[in-house]
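Observations on the model geometry
Each chain, written out:
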Amino acid sequence: LVRSLAAGAGDCGADTEGATEGSPLAVSIFVTHLVAAYDEKVVMSLREKLRGLGPKCRFYTTNTIPLTTDLLLEEPQVQVLSIVDFLASHLK
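None of the values given here were measured: they were computed from a predicted structure.

**Observations concerning the pattern of salt bridges**
Following the criterion strictly, the structure yields 3 salt bridges and no others. Here Arg47 makes a salt bridge to Glu48, at a shortest N to O gap of 3.0 Å. A salt bridge links Arg51 to Glu48; its shortest N-O distance comes to 3.1 Å. Pair noted here: Arg51 and Glu48 are both in helix 2 (residues 40–53), with a separation of 3 residues, about one helical turn. Judged by its relative accessible area of 39%, Arg51 is partly exposed. The exposure class of Glu48 is partly exposed, given its relative accessible area of 40%. One network of salt bridges, in which partners are shared, links Arg47, Glu48, Arg51 and Glu75.

**Describing the sheet that holds strand 1 (residues 27–31)**
Pairing is parallel across the open sheet formed by 3 strands, whose spatial order is 1-2-3. Each end of this open sheet is capped by a strand with a single partner; those strands are strand 1 and strand 3 (78–81). Within this sheet the neighbouring strands show an average axis-to-axis angle of 20°, counted without direction. By the bridge criterion, 5 bridges tie strand 1 to strand 2 (residues 57–62) in an arrangement that is parallel. When the sheet's bridge partners are listed, Phe30 is paired in strand 2 with Tyr60.

**Topic: the confidence of the model for the chain**
In the predicted model, the chain carries a mean pLDDT of 83, and the fraction of residues at 70 or more is 76%. No element of the chain has a lower mean pLDDT than helix 1 (residues 2–7), at 59, and none a higher one than strand 3, at 96.

**Considerations on the nonpolar core**
Generally speaking, soluble globular proteins have nonpolar side chains that are buried together. Core analysis: the biggest nonpolar cluster contains 13 residues, and Ile29, Leu34, Leu50, Cys57 and Phe59 have the highest contact counts within it. If you list the elements that add at least two residues to this core, you get strand 1, helix 2 and strand 2. For this core, the element with the most residues is helix 2, which contributes 4 residues.

What counts and what doesn't
Residues numbered from 1 in each chain as written. Predicted model: local features only at pLDDT ≥ 70, side-chain atom pairs only at ≥ 80, totals over all residues. Heavy atoms only, no water. Salt bridge = Lys/Arg side-chain N within 4 Å of Asp/Glu carboxyl O. Helix = DSSP H or I, 4+ residues; strand = E, 2+ residues; numbered from the N terminus. Buried < 20%, exposed > 50% of the residue type's maximum accessible area, 1.4 Å probe, protein only. Pairing = 2+ DSSP bridges. Axes fitted to C-alpha atoms, helices over the stretch in contact; angles between N-to-C directions. pLDDT = per-residue confidence, 0-100. Core = buried A, V, L, I, M, F, W, Y, C linked by side-chain atoms within 4.5 Å.

Dropping the structure here:
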């Protein structure tokens with residue numbers, strides 16, 4: 001699904017197993033490091049593709065590459081997770 005999203009193909013709609021017509025499947029995508037070729041145009045393209053997939057498609061990533069993730073902070077379908085909080089809670 002992530003490869004299809006990056007390529008601009010597919011959607012989270014009725015052609016996805018488990019979805020019915022008029023009721024898209026809820027999908028969550030997690031990417032640990034959003035490299036996005038370190039290119040704002042690539043990030044904006046990803047944002048538009050997420051919007052096109054509809055509100056039931058959610059995207060999660062860590063803030064390890066602020067150059068790309070800072071561009072998505074205001075996007076309602078995106079949650080940028082703090083790597084510092086994760087490390088603090090898991091490294092004792």
